[in-house]
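Breakdown of the fold
Here are the chains, one letter per residue:
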Amino acid sequence: MRKLNFSAGPCIMPVEVLEEIRDNIVDFEGHGLSLIENSHRHKYYDDVHNEAIQLMKELLNIPDGYSVLFLGGGATLTFAMIPMNFRGEGQSADYVLSGAWAKKAWSDADKLGRTNIVFDGKENGYTVLPDPASVKPSKDSAYLHITSNETIGGLQWKNWPETGTVPLICDMSSDIMSREIPVDKFSMIYGGVQKNLGPAGAAFMIIKDDLLERSPDSLPAYLNFKLHASKNAMYNTPPVFTIWAVKLFLQWVKKNGGVPEMKRRADQKSTLLYNAIDGSDGFYVSPVDPRFRSTMNVVFRLKDENLEKEFLAESEKEGMMFLKGHRSVGGCRASIYNAMPVEMVKTLADFMKSFSKKRG
Ligand SMILES: *Cc1c(COP(=O)(O)O)cnc(C)c1O
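Now for a quick tour of the structure. Within each chain, residues carry numbers counting from 1 in the order of the written sequence. Restriction of local features to residues with pLDDT of at least 70 applies here, the model being predicted, together with a cutoff of 80 or more for giving and counting side-chain atom pairs; totals for whole chains, interfaces and linings are based on all residues. Hydrogens and water are ignored here; the side-chain numbers use all heavy atoms of the structure.

1. Regarding the site of the ligand
Around the ligand, the surrounding shell holds 14 residues, and the nearest of these are Thr76, Thr151, Asp171, Gln194 and Lys195. Taking Asp171, its side chain carries an N or O atom lying 2.6 Å from a nitrogen atom of the ligand. As used in this structure description, the phrase polar contact means that two N or O atoms lie within 3.5 Å; if the pair is within protein, one of them must be able to donate a hydrogen and the other to accept it, and residues adjacent in sequence are counted only when both atoms belong to side chains. The side chain of Ser173 places a nitrogen or oxygen atom 3.4 Å from a nitrogen atom of the ligand. Exposure was quantified through the Shrake-Rupley algorithm and a 1.4 Å probe, taking into account, for residues, occlusion by the shown protein chains and nothing else. For the ligand, whose free accessible area comes to 380 Å², the fraction covered by protein is 88%. Note on conventions: DSSP H or I runs of at least 4 residues are helices, E runs of at least 2 residues are strands, and numbering of each starts at the N terminus. Here the shell around the ligand gets four residues from one element, more than from any other, and that element is helix α3 (residues 74-86). Here a residue is considered near a molecule or strand provided that any single heavy atom belonging to it is located within 4 Å of it.

2. Remarks on helix α8 (residues 258-278)
The length a helix should cover is 1.5 Å for every residue beyond the first. If you check α8, its first and last C-alpha atoms are 30 Å apart, about what 21 residues at 1.5 Å a residue would give, namely 30 Å. Only protein chains enter the calculation, and the probe is 1.4 Å; a residue is then buried if its accessible area is under 20% of its type maximum, exposed if over 50%, and partly exposed in between. Buried residues of α8: Gly258, Val259, Glu261, Met262, Arg265, Ala266, Lys269, Ser270, Leu273, Tyr274, Ala276 and Ile277, and no others. Note on contacts: a residue pair is in contact if any heavy atoms of the two residues lie within 4.5 Å. Against the buried residues of α8 lie α2 (43-59), α7 (240-255), β11 (284-285), β12 (297-302), β14 (332-335) and α10 (342-359).

3. A word on the pairing of strand β3 (residues 92-97)
β3 sits mainly inside the fold: six of its six residues count as buried. Burial of β3 is two-sided: the residues Ser92, Asp94 and Val96 facing one way and the residues Ala93, Tyr95 and Leu97 facing the other way are all buried. Pairing between two strands requires that DSSP report at least two bridges joining them. By the bridge criterion, six bridges tie β3 to strand β4 (residues 114-120) in an arrangement that is parallel. Counterpart to Ala93 in the pairing with β4 is Thr115. Following the backbone out of β3, through helix α4 (residues 100-112) and into the adjacent parallel β4, one traces a crossover that is right-handed. Crossovers are marked right-handed if the path from the first strand over the helix to the second runs clockwise, as seen with the strands pointing away from the viewer.

4. Some points on the sheet that holds β12
One open sheet accounts for three strands, arranged β11-β12-β14; its pairing is antiparallel. Both outer strands of the open sheet, β11 and β14, are each paired with one neighbouring strand and no more. Summarising the sheet, β12 and β14 pair through four bridges and their orientation is antiparallel. Bridging from a neighbouring strand, Asn297 pairs with Ser335 of β14. Together, β11, β12 and β14 form the strand contacts of α8, whose direction differs from that of β12 by roughly 15 degrees. Axis geometry follows a simple rule: fit a line to the C-alpha atoms, using only the stretch in contact for helices, then measure angles between N-to-C directions, giving values from 0 to 180 degrees. Against the sheet, helix α9 (residues 305-317) contacts β11, β12 and β14, and its axis sits at roughly 130 degrees relative to β12.

Dropping the structure here:
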């Protein structure tokens, strides 16, 4: 039996995609060699690379004037590359501290230069987000950075701030492709692909061309977004296996109704779990302000740690994996990314109900 994979990342993959990889890993589309032993400058790979980029543009409705890249280093390297490329001499950069990932993005920018914190969710234990209308860039800001979905805390922005002429940059690692986004509001959208687009090994970046103009030539080659964009993300050997799998994942999204259908499923799946939490008479508690509850990472707690341990052990016996919350916050977390079938979430919701009846 396939396990029910509630991992926060690397994420569950569609079985069809895994099967397609299996069927092609030795002999890629009948060409007599594997894609991962093929030159990345050869047509077989080139087609895969460009198709992955094209599918990102198509599925996310990315307007003209943006470059799409897949690069190694994950979202984490991107945290540092953003200020290196886009914060000019003497400028500051604005950050919204909404949780663990936003803080990491801010921390790298702060090590490298001047930052300004426009909102810090600390006093509420990172369980609320600011009203987007209240989020305004400061005067000498190079850009304003937000994190669309806090994977550990389980919070998600539902509306976007207006930053005027100051570029808005967003880490969408854990909810990309799960809802429609007004790409033109953003100058850059990025994230690791292993949460909602494929296996680990690459980050995606969607960058407005006028922002790319800021990348200084003084940067080391790999750290320069403009250089990568000018080479169609093939300046060096790309993570070919990962990008191939992302391409297959995106084809699966397209075949399954695209982003609107992913959004419908995300709403349906998260509602199943939040209803189980809210209908449990306090047996399960969601720490997150209901206005900002994530549709991707559903975080909840039980009355005490012993009960949580029992819950995790029993659910694992029934094939439900990785429901333990992040070590920094404890509790439980169900990550229900795009490839998670509704039926698996129903199984968890039913399990939650029967467990609370037994122990409540
Ligand atoms: C996982 C995650 C990251 C880090 O991604 P890596 O690709 O592992 O560097 C950054 N931001 C968010 C929101 C994440 O969920």
